[in-house]
Amino acid sequence: MLSSMQSIESLYCDHIYQLQSRYDRLLDEQGYDGLLIHAGSTQSYYLDDNHRPFKTNPHLLAWAPLTHHPECCLLIRPGYAPRLFYYNPTDFWYKPAGAPDGFWTKYFDIEIMDKPDQVSRGLEGNKNIAFFGERADLAEKWGLTDINPKPLLSALHWYRACKTDYEVECLRRANDIAAKGHLLAERTFRNGASEFEIQMAYLSATRQRESELPYGNIVALNENASVLHYQYYQCLKPDLCHSFLIDAGAAYNGYASDVTRTYCQDIEMLGKDDSGARNLDLHESVFSALIDALDSAQQRLIGSIKPGQSFIKLHQQMCLDIGAILQQHKLVNASAEAQLHQGILRAFFPHGLGHLLGLQVHDVGGLQADANGTPALAPDDYPFLRLTRTLETGMVFTIEPGIYLIDSLLAELKAGSAASAVNWSMVDSLRPFGGIRIEDNIHLTASGCENLTRNSLAALGKV
Ligand code: GLY
Ligand code: MN
Ligand code: MN
């Protein structure tokens, strides 16, 4: 453990050096003397004195793992060490942050504050300071008028797509933690648990509370897997649990993992005495074969990815691969090209192939054409694609194809001109299984992909 902490420390040293030179150059180019980044404030619910979960401004997290630190501020000025105004109030209602601690502290000039407004003293004599954060009111009070300037944000978002070695190591560790949760979640599903019980198992294995996770876990049994962002955890388990989709990540030093797996209950577990189970039995093997086919297609695609490729083209390739699977497994009687052309594929795979991953689960900068912020929006045919960039060494992104049985999209398909190409009896028989998504986190290197997710799962013995 000690040696791994030492190694992350040396990676962090290089990370800070790279950040400092990137910020110095951009501030200089854009005519700023400095930038003040505000962590954010705790916020209460409407007419209430309870707080929403706090999430630190990711621009501050890029510098230091200040994940539970409202009101902290970082002043960056070219040529100076970053100056951290560290909020540590005296408080007997809530536990304050405590003294700054950890491998990161020695890179900052730290001033401890017990009142948030003490930042203003540290700004005296500084001009041309840009401000990043939600609290425009505080910025104005402190005399800062250039609030969240778009050119500076766009440039930083653009460069954030390529991770430093420290960031990749944080993302590896976020995958290691998620892998523990996924293993226990699968076992809990196979033991016949409810969505709620599976979620509890995941949290206990990762040792992360819900508000610390990068996003709300999707824990969906049966047809609930057809809801792309299904948000409930049913305490009652269905009579038959035949399929399970889990989309769940974890956080490490503010960096996110984002992992999805889909499972089918073993036929023996379905309870052969039950007539409902016998009917489902017939289709369980088709659903299971679909999971295997999608898993293979996903791994094949990942194996082909190289720097310089367009993510839009990869999405198109995966659409064709999914079309071939639908045809091969007799859900659709049309070639993949025809399915794409007739809009059939959109009903079965309505979302994008993936997105950038980092301090935010849908990391910023995926829809930019350049560092100036020129938009590179998703093509009309794939409106939900969140990444349109050419892939570069150092990028971390997800590859997450899916095949779903979504009632509303299937109803549209059935009412349209392509309906006759669909084998509706097969499709209807699979609706109780909901859908499939397989999602891995990929770090692109000069020679190809490092699959962070599969490496973490393999380290726990899961292939
Ligand atoms: N967990 C959200 C996503 O996969 O994009
Ligand atoms: Mn994702
Ligand atoms: Mn996900």
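Before reading further, recall that the structure is shown in the block above.
Quick notes on the rules
Per chain, residue numbering runs from 1 following the sequence as it is written. The order in which chains are written sets their letters, starting at A; the order in which ligands are written sets their numbers, starting at 1. Two thresholds apply to this predicted model, a pLDDT of at least 70 for residue-level local features and 80 or more for giving and counting side-chain atom pairs, whereas whole-chain, interface and lining totals are computed over all residues. Just so you know, side-chain values use all the structure's heavy atoms and leave hydrogens and water out. Numbered from the N terminus, helices here are DSSP runs of H or I no shorter than four residues, and strands are runs of E no shorter than two. Within these notes, the globule rule equals 2.2 Å times the number of residues to the 0.38 power, and the radius of gyration is based on C-alpha atoms. Summary of the burial criterion: residues with accessible area below 20% of their type's maximum are buried, those above 50% are exposed, and those between are partly exposed, where the area comes from a 1.4 Å probe applied to protein chains only. Computed by Shrake-Rupley with a 1.4 Å probe, the accessible areas treat only the displayed protein chains as cover when residues are assessed. Within this scheme the basic residues Lys and Arg register as positive and the acidic residues Asp and Glu register as negative, but His and the chain ends are omitted. Every charge is mapped onto a representative atom, which is NZ of Lys, CZ of Arg, CG of Asp or CD of Glu. For each structure, a 1 Å grid was placed over the protein atoms alone; sets of points admitting a 1.4 Å probe that cannot get out are labelled cavities, open sets with protein on both sides within 12 Å along at least five of seven lines are labelled pockets, and lining residues have an atom within 4 Å of a point. Grid points are joined across faces, edges and corners, and a volume is the space filled by probe spheres set on the points. Lys, Arg, Asp and Glu make up the charged group, whereas Ala, Val, Leu, Ile, Met, Phe, Trp, Tyr, Cys and Pro make up the nonpolar group; the residues left over, Gly among them, are polar. The donor definition counts N, O and S atoms within 2.8 Å of each metal and applies 3.2 Å to Na, K and Ca; water is not among these atoms, so some sites may look incomplete. Donor angles set the geometry label: tetrahedral for four donors if every angle is between 85 and 135 degrees, square planar for four and octahedral for six if opposite donors exceed 155 degrees and the others are between 65 and 115, irregular for anything else. Pairing between two strands requires that DSSP report at least two bridges joining them. By the criterion used throughout, a crossover qualifies as right-handed when its path from the first strand across the helix to the second strand runs clockwise, the strands pointing away from the viewer. With axes taken as lines fitted to C-alpha atoms, and helix axes fitted only over the stretch in contact, angles between N-to-C directions fall between 0 and 180 degrees. Should an angle lie under 35 degrees it is considered roughly parallel, over 145 roughly antiparallel, and from 65 to 115 roughly perpendicular; all remaining angles are considered oblique. Handedness of a helix crossing follows the sense of rotation of the near helix relative to the far helix, less than a right angle counterclockwise being left-handed and clockwise being right-handed. Contacts were defined at the residue level, with two residues in contact if any of their heavy atoms lie within 4.5 Å. Note on definitions: salt bridges are taken to be side-chain nitrogens of Lys or Arg within 4 Å of carboxyl oxygens of Asp or Glu. Each patch is built from residues lacking any salt bridge and having more than 30% relative accessible area; the joining distance is 9 Å for like charges and 5 Å for nonpolar side chains (Val, Leu, Ile, Met, Phe, Trp, Tyr).

J.: Tell me about the overall build of the protein chain, and please be specific about residues and values.
T.: Broken down by element type, the protein chain carries 14 helices and 16 strands. Radius of gyration (C-alpha) of the protein chain: 24 Å, near the 23 Å computed for a compact globule of 463 residues. With the C-alpha coordinates aligned to their principal axes, the bounding extent of the protein chain is approximately 75 × 50 × 45 Å. The buried share of the protein chain, reckoned over its 463 residues, is 54%. Accessible surface computed for the protein chain: about 20,700 Å², of which carbon and sulfur atoms make up 52%. On the protein chain, the mean spot of the 39 positive side-chain charges and the mean spot of the 55 negative ones are 2 Å from each other.

J.: Got a sec to walk through the layout of surface pockets? Specific residues and values, please.
T.: As a volume, the largest pocket reaches approximately 1,500 Å³. In terms of lining, the largest pocket is formed by 42 residues, of which the most central are Pro53, Phe54, Lys55, Thr67 and His68. Within the residue set of the lining of the largest pocket, elements represented by two or more residues are helix 2 (58-61), strand 9 (251-252) and strand 10 (255-256). For the lining of the largest pocket, a count of residues per class yields 21 nonpolar, 12 polar and 9 charged. By volume, the second largest pocket is sized at about 550 Å³. When the residues that make up the lining of the second largest pocket are grouped by side-chain class, the tally is 11 nonpolar, 10 polar and 7 charged.

J.: Hey, could you go over the coordination of the manganese ion (ligand 2) for me, with residue numbers and the actual values?
T.: On the protein side, the manganese ion (ligand 2) has Asp258 (OD), His355 (NE2), Glu400 (OE) and Glu439 (OE) as donor atoms, found 2.0 to 2.2 Å from it. Its 6 donor atoms give the manganese ion (ligand 2) angles of 51 to 156° at the centre, a pattern that matches the irregular case. Here the donor residues for the manganese ion (ligand 2) map to a single chain with the spacing D-x96-H-x44-E-x38-E. Between the manganese ion (ligand 2) and the manganese ion (ligand 3), a separation of 3.3 Å is found, and both are coordinated by Asp258. One end of the pair, Asp258, is in the loop between strand 10 and strand 11 (259-264); the other, Glu439, is in the loop between strand 14 (435-437) and strand 15 (440-445), and 181 residues separate them in sequence. Of the two residues, Asp258 and Glu439, both sit in the buried class.

J.: Just give me the short version of the pairing of strand 5 (residues 129-132), but keep the residues and values in it.
T.: Regular strands show a simple pattern: their side chains alternate between the two faces of the sheet. Burial along strand 5 is two-sided: the residues Ile129 and Phe131 and Ala130 and Phe132 are all buried. Alignment of strand 1 (residues 34-38) against strand 5, held across 4 bridges, turns out to be parallel. For Gly34, the partnering residue across the bridge sits in strand 5 and is Ile129. One ladder, built from 2 bridges, connects strand 5 with strand 6 (residues 146-147); its direction is parallel. Opposite Phe131, over in strand 6, you have Ile147 as the bridge partner. Handedness of the crossover joining strand 5 and strand 6 through helix 4 (residues 136-141) is recorded here as right-handed.

J.: Help me get a handle on the packing of helix 6 (residues 165-190) against helix 14 (residues 452-459), residues and values and all.
T.: In a packed pair of helices, the relevant descriptors are the angle between the two axes and the axis-to-axis distance. Direction vectors running N to C along helix 6 and helix 14 enclose 55°, while the axes themselves pass 8 Å from each other. Between helix 6 and helix 14, the interaxial angle falls into the category oblique. The hand of the helix 6/helix 14 crossing is right-handed. Along its contact with helix 6, which presents Leu171, Arg172, Asn175, Asp176, Ala179 and Leu183, the element helix 14 presents Leu452, Thr453, Ser456 and Leu457. Across the contact of helix 6 with helix 14, the residue classes tally to 5 nonpolar, 3 polar and 2 charged.

J.: Could you give an account of the pattern of salt bridges, with specific residues and numbers?
T.: For the structure shown, the criterion picks out 23 salt bridges. With a closest N to O distance of 3.9 Å, Arg437 and Glu400 form a salt bridge. One end of the pair, Arg437, is in strand 14; the other, Glu400, is in the loop between strand 12 (396-399) and strand 13 (402-404), and 37 residues separate them in sequence. In this structure Arg437 comes out as buried when scored by relative accessible area, which is 3%. Arg431 is the partner of Asp407 in a salt bridge, and the nearest nitrogen-oxygen pair spans 2.8 Å. Here Arg431 lies in the loop between helix 13 (424-430) and strand 14 and Asp407 lies in helix 12 (residues 407-415), a separation of 24 residues in the sequence. Three or more residues joined by partner-sharing salt bridges are found here, namely Arg83, Asp109, Glu111 and Arg121.

J.: So what's going on with a nonpolar patch on the surface? Which residues, and what values?
T.: Residues Phe92, Trp93 and Tyr94 make up a contiguous nonpolar surface patch of about 510 Å² in total accessible area. Of note, Phe92 is situated in the loop between strand 3 (83-87) and strand 4 (109-113). Of the residues examined, Phe92 reaches a relative accessible area of 74% and is grouped as exposed.

J.: How would you summarise unusual backbone geometry if you had to cite specific residues and measurements?
T.: The phi dihedral of Asn128 is positive, around 50°, even though this residue is not glycine. In this fold, Asn128 is placed in the loop between helix 3 (119-123) and strand 5. We note that Asn148 has phi near 45°; this positive angle belongs to a residue other than glycine. Turning to its location among the elements, Asn148 is positioned in the loop between strand 6 and helix 5 (150-160).

These figures capture arrangement, not role.
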